[in-house]
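Listed below, chain by chain, are the residues.
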Amino acid sequence: MATSNGNTPTSAGQIPVIDISGSIPQAEVAKQLVDAAATYGFVYVKNQGKDIPVEVIDGIFQLSKNFFSSPLEEKEPCKIQTNNRGWVGMHAETLDTKNQRIGDFKEAFNLAEFANGKAQQPLPPAFTPHEEQLDRFHKYCHSLMEKLLILFAIGLEVDPAQGGSDWFASRHRGDDDSSCTLRLLHYPPIPSGTDYKPEVDIRAGAHSDYGSITLLFQRPGQPGLEIIPPSTTVQHGQRDYSNKASWKPVPVFPPGTETDPSPPILVNIGDLLSYWTNNLLKSTVHRVVFPNSGKEGGEDRYSIAYFGHPMGATVLVPVPSEMVRALDGVNAGASTGVEAMTADEHLMSRLKATYGGLYDDKKDVKAAES
């Protein structure tokens, strides 16, 4: 048995659970985070309610459930636009165009950051009385994202003369509109009479995330997330992301956290942080499947994702770290699909691939994260 953080044992191949609450020296926590991100691209953050109160998380899940159970006529006026804000209906996204015959079996609602406590997009009746609650959760998530980005910079020993521990976090602050996005997700059971094909149909197709880091909040008893470990063998220059590939389930409550007040927050590395670090930190491909191969229709799954994304004009250049410079032989652009461009240019290219016709013949669109 290995130990991820001094108090939570992990067996080989298990994503580590790390306590960032301050009970462990910062330098040690930073190293553990970098090691986990370099090996798995994912890490659990122990959730004792210190960074985000458990009752705050529970409250947002209840709001999400209320919205997704509301009638279609209340959702339609908030349908997603090219600014990547709003409601995404069933099958509207196709995250894995190569292996999917129809879009994802899910719906979602994307919320941009609030301005002076007010939403900068149309809200449905289920959300309008709760702007303050949603804004507060957005702020909690942003603070936790910055805390993690600072720890990653410490673990990577970023040159103090060029930004040091604030190198990543500072690129997520500014006067322009933020591209960070709070996404509420609902994966419903398979409706009776649906032409469901378990060999190809899926709740969320195989993909990597577009931005820097993602915070994922999950509910007990609602599994489905799977990853392709970065160590998986590459065949002919590509990995296999079909149903026949080496997918590994990611538990909601990993061993050692079952008695915690809330499931740990799952953090994964996005394309941009992988690019910044010359692929030292892995942007791992993941998906969401139906439990029990969809038998008996499956069960509802609710999750909340906070997609951290740098300010849109941020130029994607390697982080000034000797650990990263030592990987000069690795072609980061080829590994992550990100070339030397701004954060918004990269995001727009990914959104066009995901939503297809939504972006046809539309130019100069300021996008948020997806």
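About the criteria used
- Along every chain, residues carry numbers that run from 1 in the direction the sequence is written.
- Restriction of local features to residues with pLDDT of at least 70 applies here, the model being predicted, together with a cutoff of 80 or more for giving and counting side-chain atom pairs; totals for whole chains, interfaces and linings are based on all residues.
- The basis for the side-chain values is all heavy atoms of the structure; hydrogens and waters are excluded.
- What makes a nonpolar core is a set of buried Ala, Val, Leu, Ile, Met, Phe, Trp, Tyr and Cys residues whose side-chain atoms join them at distances within 4.5 Å.
- Throughout, exposure labels follow a simple rule: accessible area from a 1.4 Å probe, protein chains only, divided by the maximum for the residue type, with under 20% read as buried, over 50% as exposed, and the rest as partly exposed.
- Helix numbering and strand numbering both begin at the N terminus, where a helix is a DSSP run of H or I of at least 4 residues and a strand a DSSP run of E of at least 2.
- Here, two residues are considered to be in contact whenever any of their heavy atoms come within 4.5 Å of each other.
- Strand pairing is assigned whenever DSSP detects at least two bridges linking the two strands.
- Note on geometry: axes are lines fitted to C-alpha atoms, helical ones only across the stretch in contact, with angles between N-to-C directions running from 0 to 180 degrees.
- Distance and chemistry together define a polar contact, namely a pair of N or O atoms within 3.5 Å, with one atom able to donate a hydrogen and the other to accept it when in protein, and with adjacent residues in sequence counting only for side-chain atoms on both sides.
- Stacked, tilted and edge-to-face are the three classes assigned to paired rings of Phe, Tyr and Trp, where Trp is represented by its six-membered ring and a pair needs centres within 6.5 Å; plane angles under 30 degrees give stacked, over 60 edge-to-face, the rest tilted.
- A helix is expected to reach a length of 1.5 Å times the quantity of its residues less one.
- By the definition adopted for this analysis, an angle is roughly parallel if under 35 degrees, roughly antiparallel if over 145, roughly perpendicular if from 65 to 115, and oblique otherwise.
- Working rule for handedness: look at the near helix, and if it is turned counterclockwise from the far one by less than a right angle, call the crossing left-handed; if clockwise, right-handed.
- Classification convention: Asp, Glu, Lys, Arg as charged; Ala, Val, Leu, Ile, Met, Phe, Trp, Tyr, Cys, Pro as nonpolar; all other residues, Gly among them, as polar.

**A word on the nonpolar core**
One broad rule of soluble globular proteins: the nonpolar side chains tend to lie buried together.
Then comes step 1: Counting 65 residues, the largest nonpolar core has F137, F152, F168, I213, L215 and F217 as the members making the most contacts within it.
Then comes step 2: At 10 residues, helix α4 (residues 131-155) tops the list of elements feeding residues into this core.
Then comes step 3: Not counting residues up to four positions away in its chain, the partners in contact with I213 are M145, L148, L149, F152, V267, N268, I269, G270, L273, Y306, F307 and G308.
Then comes step 4: In terms of nonpolar packing, the next biggest core, distinct from the first, is built from 21 residues, Y44, L185, A204 and Y210 among them.

**Concerning the sheet that holds strand β10 (residues 225-227)**
Then comes step 1: A sheet is described by the order of its strands in space; here four strands give the open sequence β8-β13-β10-β11, paired in antiparallel fashion. With partners counted over all chains shown, the strands left at the sheet margins are β8 (204-207) and β11 (248-249), one partner each.
Then comes step 2: One ladder, built from two bridges, connects β8 with strand β13 (residues 286-288); its direction is antiparallel. Note that in β13 the partner of H207 across the bridge is H286.

**Digging into the sheet that holds strand β4 (residues 42-45)**
Then comes step 1: If you trace the eight strands from one edge of the open sheet to the other, you get β3-β4-β12-β9-β14-β7-β6-β5, paired in mixed fashion. The open sheet terminates on both sides in strands that have one partner only, identified here as β3 (17-18) and β5 (86-88).
Then comes step 2: Pairing between strand β9 (residues 213-218) and strand β12 (residues 265-269): four bridges, direction antiparallel. If you follow L216 over to β12, its bridge partner there is L266.
Then comes step 3: Along the sheet, helix α2 (residues 54-68) contacts β5, β6 (107-112), β7 (181-187), β9 and β14 (301-307); its crossing angle with β14, the most-contacted strand, is approximately 115°.
Then comes step 4: Strands in contact with α4 are β4, β6, β7, β9, β12 and β14; relative to β9, the strand with the most contacts, it is inclined by about 130°.

**Overview of the pairing of β12**
Then comes step 1: Counting buried residues along β12, five of its five residues qualify, which places the element largely inside the surrounding structure.
Then comes step 2: Of the two faces of β12, both are covered, the one formed by I265, V267 and I269 as well as the one formed by L266 and N268.
Then comes step 3: Two strands pair when backbone bridges link them, and β4 and β12 are joined in this way by four bridges, in the antiparallel orientation. By the bridge assignment, Y44 is partnered in β12 with L266.

**Focus: the environment of E299**
Then comes step 1: Looking at the secondary structure, you find E299 in the loop between β13 and β14.
Then comes step 2: Its relative accessible area of 52% is what places E299 among the exposed residues.
Then comes step 3: Separated by 78 residues in sequence, E299 and G221 have C-alpha atoms that sit 9.6 Å apart.
Then comes step 4: Leaving out residues up to four positions away in the same chain, E299 has contacts with Y187, P189, R203, G221 and P291.

**Let's talk about unusual backbone geometry**
Then comes step 1: Here N84, not a glycine, exhibits a phi torsion of approximately 65°, which is positive.
Then comes step 2: Its identity as a non-glycine residue notwithstanding, E157 has a phi of 55°, on the positive side.
Then comes step 3: Tracing the sequence through the fold places E157 in the loop between α4 and α5 (167-170).

**As for the side chain of R287**
Then comes step 1: Here R287 is to be found in strand β13.
Then comes step 2: The exposure class assigned to R287 is buried, which follows from its relative accessible area of 7%.
Then comes step 3: At a separation of 2.9 Å, a polar atom in the side chain of R287 contacts the side chain of E226.
Then comes step 4: Setting aside residues up to four positions removed in sequence, R287 forms contacts with I202, A204, G205, A206, G224, L225, E226, S242, N243 and W247.

**Brief notes about the packing of aromatic side chains**
Then comes step 1: The tally for this structure, following the rule as stated, stands at nine aromatic pairs.
Then comes step 2: An angle of 75° between the planes, with centres 5.1 Å apart, marks the rings of F67 and F109 as edge-to-face. Here F109 lies in strand β6 and F67 lies in helix α2, a separation of 42 residues in the sequence. One exposure class covers both F67 and F109, and it is buried.
Then comes step 3: Look at F168 and W276: their rings are 5.5 Å apart centre to centre, the planes differ by 45°, and that puts the pair in the tilted class. Of the two residues, F168 sits in helix α5 while W276 sits in helix α6 (residues 271-276), which places them 108 residues apart along the sequence.

**Quick notes on α2**
Then comes step 1: Compared with the 21 Å implied by 1.5 Å per residue over 15 residues, the 21 Å span of α2 between its first and last C-alpha is a close match.
Then comes step 2: Within the sequence span of α2, burial applies to V54, V56, I57, G59, I60, F61, L63, S64, F67 and F68.

**Looking at the packing of α2 against α4**
Then comes step 1: As a packed pair, α2 and α4 sit with axes 10 Å apart at the nearest point and diverge in direction by 130°. Taken together, α2 and α4 sit at an angle that is classed as oblique. In the crossing of α2 with α4, the sense of the turn from one axis to the other is left-handed. Between α2, through V56, I57, G59, I60 and L63, and α4, the contact on the second element is made entirely by Q133, L134, F137 and Y140.
Then comes step 2: Its residues assigned to classes, the contact of α2 with α4 shows seven nonpolar, two polar and no charged.

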